[in-house]
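If you want the building blocks of each chain, they are given just below.
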Amino acid sequence: MRRKLYDLAGADPERRFSPYCWRAKLALAHKGLEVEMIPWRFTEKDAIAFSGQGRVPVLVDGGRVVSDSWAIANYLEDAYPDRPSLFEGEGGRAVTRFVNGWADTVLNGGLIRLVLGDVYAHLHEKDRGYFRQSREQRFAMPLEAVCAGRDERVATFRQSLEPLRVVLAAQPYLSGAAPAYADYIVFGSFQWARCISPFVLLADGDPIAAWRERLLDAFGGLARNAIGYPVAA
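Residues numbered from 1 in each chain as written. Predicted model: local features only at pLDDT ≥ 70, side-chain atom pairs only at ≥ 80, totals over all residues. Heavy atoms only, no water.

Draft legend 1. Examining the packing of helix α1 (residues 19-31) against helix α3 (residues 90-121) more closely. Where α1 meets α3, the closest approach of the two axes is 12 Å, and the angle between their N-to-C directions is 145°. As α1 packs across α3, the resulting crossing turns out to be right-handed. Taken together, the residues of α3 that come into contact with α1 (itself represented by Pro19, Tyr20 and Arg23) are Asn100, Ala103, Asp104 and Asn108. Classifying every residue of the contact of α1 with α3 gives three nonpolar, two polar and two charged. (Axes fitted to C-alpha atoms, helices over the stretch in contact; angles between N-to-C directions. Helix = DSSP H or I, 4+ residues; strand = E, 2+ residues; numbered from the N terminus. Left-handed = near helix turned anticlockwise from the far one by under 90°. Contact = heavy atoms within 4.5 Å. Nonpolar A, V, L, I, M, F, W, Y, C, P; charged D, E, K, R; others polar.)

Draft legend 2. Here's a closer look at the packing of aromatic side chains. For the structure on display, the rule yields 10 aromatic pairs. Measuring from centroid to centroid gives 6.4 Å for Trp40 and Phe42, while their planes differ by 65°, and the two rings are edge-to-face. Like Phe42, Trp40 is buried. Between the aromatic rings of Phe42 and Phe131, the centroid separation amounts to 5.6 Å while the plane-to-plane angle is 45°, which identifies the pairing as tilted. With Phe42 in the loop between β2 (36-40) and β3 (58-61) and Phe131 in helix α4 (residues 125-139), the pair connects residues that are 89 residues apart, well separated along the chain. For the pair Phe42 and Phe131, one class covers both residues: buried. Above the plane of the ring of Tyr173 lies Arg214, whose end atom (NZ or CZ) is 5.5 Å from the centre. (Phe/Tyr/Trp six-rings, centres within 6.5 Å; stacked < 30°, edge-to-face > 60°. Buried < 20%, exposed > 50% of the residue type's maximum accessible area, 1.4 Å probe, protein only. Lys NZ or Arg CZ within 6 Å of the ring centre and 35° of its normal.)

Written out as structure tokens, the structure is:
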């Protein structure tokens, strides 16, 4: 197979938890493109040195190498215009860029403070030193302190999701009647949490939970069949 995607893995090579890799995997599925998933870990920088940087996802498509989930989505849209659209036009692409920025900052910024310790628990031993050092430097505190009091703080996180809730109470997907890349961006973050943490993120009856269930079942259960924890809400 000529198409490959380097995909972040935990101690179990089948536990794939990067929110950005999930965005890329769902974009490929949406386009109906087959891809070989290559497990990759944080300290395996040499394996993707050919991409000119040190993070995943990295897509190899024939002679093309594309890194960064947003760049991958744009590449797939432009390289395969005959396949189902990820954006439904340039207006959709522009709005989805906003969703991408919101998820990278607000959504993932809130999630990481709830699940960081769970990420560490699922890492391969060779990644743990790097992960602890880099994340403790980023947050200026021990890993354990980042997630302290999460049972109380989750209410603030849930409140930050109100823009999603308003939209999903009115329509089945962020993109309208059917899912598109805006949905995969946001869902990738919830799938990240599901793959590494049993912590309950959403309250009972939240319309976001119903949307998450629909996307877990999308593409033949691609996300639901991945190794992770049962979701409850």
